[in-house]
Amino acid sequence: MDQKGRFAYLIEQLMELPGVGRKSAQRMAFYILKMPAESAKKIGQAIIDVKDMLSFCKICNNISEGEICAICASPNRDSQRVVVVEEPSTLYAIERTGEYKGLYHVLLGALSPLSETNGTELTIKNLIERLEKGGISEVIIATNPNIEGEATAIYLTRLIKPLHIKVTRIACGIPVGVDLEYADEVTLAKSLEGRREIG
Ligand SMILES: [Zn+2]
């Protein structure tokens, strides 16, 4: 490969990443070229390490160092409850609360009602098979409160209900520490809809 070819090849490879078009890829490639060799090598090595050492958990699709992730492998988790999330980053956010002791299922995306996707690239089939095996009494749907997340929640509910498993959706509402008068109408309406009895 000649010099020009090598640079073009890097641009092409960067364009494989989501949301990276030719312009951004070119900008990144120039940046990499100008970077100290040590820093650029760190990026390359981090990519290699992730691919060599990490994969998706065979049960819940969380990021895992082995075939089964630490959460699925733990005997201290409540195996009757499963929280369904779109991405591992949401799983980490819920874990940080320290409030949830059940298991998870990571969809690795959400259904997009406006595009052609029918969800086969998601891990929905995997989830249903898992539920059919029994032992799970509640599925808590924690997909994002946007069009895709809501569509996914509705679709999942339709699939799970016939299995006679309780399906719940996380509440949407007012962020803690915010004055109600500053909340937008949709959030305020959602928080009214998701109200609960006190005491
Ligand atoms: Zn797992």
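Residues numbered from 1 in each chain as written. Predicted model: local features only at pLDDT ≥ 70, side-chain atom pairs only at ≥ 80, totals over all residues. Heavy atoms only, no water.

Caption draft 1: Seen up close, the sheet that holds strand 3 (residues 78-85). The sheet built from four strands is open, its strands ordered 4-3-5-6 with parallel pairing. Of all strands in the sheet, those with a lone pairing partner are strand 4 (102-106) and strand 6 (166-169), marking the two edges. Strand after strand, the sheet turns through a mean of 25 degrees between neighbouring axes, direction not considered. Sheet analysis places strand 3 next to strand 4, joined by five bridges and oriented parallel. Within strand 4, the position partnered with V82 by the bridge is L103. Along the sheet, helix 5 (residues 88-97) makes contact with strand 3 and strand 4, crossing strand 4 at roughly 160 degrees. (Pairing = 2+ DSSP bridges. Helix = DSSP H or I, 4+ residues; strand = E, 2+ residues; numbered from the N terminus. Axes fitted to C-alpha atoms, helices over the stretch in contact; angles between N-to-C directions. Contact = heavy atoms within 4.5 Å.)

Caption draft 2: Local environment of the coordination of the zinc ion. The coordination sphere of the zinc ion, as far as protein atoms go, consists of C57 (SG), C60 (SG), C69 (SG) and C72 (SG), spread over 2.3 Å. Note that the zinc ion binds four donor atoms; their angles at the metal cover 104 to 114 degrees, and the shape is tetrahedral. In primary-sequence terms, the residues that donate to the zinc ion follow C-x2-C-x8-C-x2-C. Like C69, C60 is buried. (Donors = N, O, S within 2.8 Å, 3.2 Å for Na, K, Ca; no water. Tetrahedral: all angles 85-135°; square planar, octahedral: opposite > 155°, others 65-115°. Buried < 20%, exposed > 50% of the residue type's maximum accessible area, 1.4 Å probe, protein only.)

Caption draft 3: Structural context of the layout of surface pockets. What the largest pocket holds in volume is close to 330 Å³. Lining the largest pocket are L10, Q13, L14, E16, L17, I32, M35, A40, I43, G44 and I47. Those elements that place two or more of their residues in the lining of the largest pocket are helix 1 (3-14) and helix 3 (37-53). Broken down by element, the lining of the largest pocket gets its largest block of residues, four residues, from helix 3. Here the residues of the lining of the largest pocket are counted per class, giving eight nonpolar, two polar and one charged. (1 Å grid on protein atoms, 1.4 Å probe; cavity = no way out; pocket = protein on both sides within 12 Å on 5 of 7 lines; lining within 4 Å. Points joined across faces, edges and corners; volume = space filled by probe spheres on them. Nonpolar A, V, L, I, M, F, W, Y, C, P; charged D, E, K, R; others polar.)

Caption draft 4: Quick peek at the environment of V83. Topologically, V83 is positioned in strand 3. Of the residues examined, V83 reaches a relative accessible area of 4% and is grouped as buried. Discounting residues that sit within four places of it in the chain, V83 has contacts with I94, Y100, L103, Y104, H105, I140 and A142.

Caption draft 5: Looking closely at the packing of helix 1 against helix 2 (residues 22-34). Orientation of helix 1 relative to helix 2, taken along the N-to-C sense of each, is 125 degrees, at an axis distance of 8 Å. Considered as vectors, helix 1 and helix 2 are oriented oblique to each other. As for the relative orientation of helix 1 and helix 2, their crossing is right-handed in sense. Contacts between helix 1 and helix 2 involve F7, L10, I11 and L14 from the former and R22, A25, Q26, M28, A29, F30, I32 and L33 from the latter. (Parallel < 35°, antiparallel > 145°, perpendicular 65-115°, else oblique. Left-handed = near helix turned anticlockwise from the far one by under 90°.)

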